[in-house]
Amino acid sequence: MTEPARAVADEWWSFEQRLGQYLGALLDGEAVVLAVSETERYVQFMSFGRQGIRGEVSYDPASEAAARALGWRLPARNDLGRSTSGTDNLEVEVPPAEVHLLARMAVGRHVSGRAISPGCAPDSSRRCPASRVRRRPCQAGRW
């Protein structure tokens, strides 16, 4: 790995660690949305307190296999074939003790550390975003 590529990988690893800490500190009802500028790609999280955190990631058909390899799942469907969660995005729910895994899934690092680009994942050239996090209350019924 080249020195610039290693620096980018280190930035994303650091971001993943900070994101895991932040998700672990969410209060019941708080939400976080991470979006990639000038694209339709995002990942969002909603805390349900002691019940855990729900994550949702946008995807396109080309990135579905990679996102599913990280643990993101297709939403459950009802008898009419409609999503029971109201979205066709990939999703996952984790208990509070596993928020670090959700952060890894959001950033897109496979267990091997290889970036595979679902959601807001890095690629070898994209630098990590600065963490500018603001707390805002979630509006009822909306992420």
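Everything numeric in this text was worked out from a predicted model, so none of it was measured.

1. Some details on the overall build of the protein chain
Part 1 of the reasoning: When helices and strands are tallied, the protein chain shows 3 helices and 4 strands.
Part 2 of the reasoning: Element order for the protein chain, N to C, with α for helix and β for strand: α-β-β-β-α-β-α.
Part 3 of the reasoning: With 143 residues in all, the protein chain has 36% of them scored as buried.
Part 4 of the reasoning: Restricting the contact set of the protein chain to residue pairs at least 6 apart, pairs at least 24 apart contribute 54%.
Part 5 of the reasoning: When the accessible surface of the protein chain is totalled, it reaches about 9,000 Å², and 50% of it is carbon and sulfur.

2. A closer look at the pattern of salt bridges
Part 1 of the reasoning: Summed over all chains, the structure comprises 5 salt bridges.
Part 2 of the reasoning: For E91, the salt bridge identified is with R54, shortest N-O distance 2.3 Å. Here E91 is found in strand 4 (residues 90-94), whereas its partner R54 is found in strand 3 (residues 53-57), with 37 residues between them in sequence.
Part 3 of the reasoning: A relative accessible area of 13% places E91 in the buried class.
Part 4 of the reasoning: We note a salt bridge from R77 to D88, for which the minimum N-O separation is 2.8 Å. Remark: D88 occurs in the loop between helix 2 (61-70) and strand 4 and R77 occurs in the loop between helix 2 and strand 4; sequence separation between them is 11 residues.
Part 5 of the reasoning: With a relative accessible area of 42%, R77 lands in the partly exposed category.
Part 6 of the reasoning: For D88, a relative accessible area of 46% gives the class partly exposed.
Part 7 of the reasoning: Within this structure, R54, E56 and E91 form a network of salt bridges that share partners.

3. Re the nonpolar core
Part 1 of the reasoning: Core analysis: the biggest nonpolar cluster contains 24 residues, and L19, L23, F45, I53, W72 and L102 have the highest contact counts within it.
Part 2 of the reasoning: At the level of secondary structure, the elements contributing two or more residues to this core comprise helix 1 (3-24), strand 2 (42-47), strand 3, helix 2, strand 4 and helix 3 (99-107).
Part 3 of the reasoning: Residue contacts for I53: discarding those within four places in its chain leaves L23, L26, F45, M46, S47, V92, E93, V94, V99 and L102.

4. Considerations on the side chain of R54
Part 1 of the reasoning: Classification of R54 as buried rests on a relative accessible area of 9%.
Part 2 of the reasoning: At 2.3 Å, the side chain of R54 and the side chain of E91 are in polar contact.

5. Comments concerning the sheet that holds strand 3
Part 1 of the reasoning: Across the sheet, which stays open at both edges, the 4 strands sit in the order 1-2-3-4 with antiparallel pairing between neighbours. The open sheet has two edge strands, strand 1 (31-35) and strand 4, and neither has a second partner. Each strand axis lies, on average, 15 degrees off the axis of its neighbour in the sheet, ignoring direction.
Part 2 of the reasoning: Note: strand 2 against strand 3, 5 bridges, orientation antiparallel. Bridging from a neighbouring strand, Q44 pairs with E56 of strand 3.
Part 3 of the reasoning: The sheet contacts of helix 1 involve strand 1, strand 2 and strand 3, and relative to strand 1 the element is tilted by about 160 degrees.

Reading the values: rules and limits
- The numbers attached to residues start from 1 for each chain and follow its sequence in the written order.
- Whole-chain, interface and lining totals are the exception, using all residues; otherwise, since this is a predicted model, local features are given only for residues with pLDDT of at least 70 and side-chain atom pairs are given and counted only at 80 or more.
- Only hydrogens and water are set aside; all other atoms, that is, all heavy atoms of the structure, feed into the side-chain values.
- Helix and strand assignments come from DSSP, with helices taken as H or I runs of at least 4 residues and strands as E runs of at least 2, each series counted from the N terminus.
- Partly exposed describes any residue whose relative accessible area lies between the buried limit of under 20% and the exposed limit of over 50%, with all areas from a 1.4 Å probe on protein chains only and scaled to the type maximum.
- By definition in these notes, contact holds between two residues if any of their heavy atoms fall within 4.5 Å.
- Note on areas: Shrake-Rupley with a 1.4 Å probe; residue coverage comes only from the protein chains shown.
- What counts as a salt bridge is simple: a side-chain nitrogen of Lys or Arg found within 4 Å of a carboxyl oxygen of Asp or Glu.
- Buried Ala, Val, Leu, Ile, Met, Phe, Trp, Tyr and Cys residues that are joined via side-chain atoms within 4.5 Å together make up what is termed a nonpolar core.
- A 3.5 Å cut-off defines polar contacts: any pair of N or O atoms within that distance qualifies, except that in protein one atom must be a possible hydrogen donor and the other a possible acceptor, and neighbouring residues in sequence count only when both atoms are side-chain atoms.
- Criterion used throughout: strands pair if DSSP finds at least two bridges between them.
- Where helices are involved, their axes are fitted lines through C-alpha atoms of the stretch in contact, as for all axes, and angles between N-to-C directions lie from 0 to 180°.

Remember, this is a structural readout, not a statement about activity or role.
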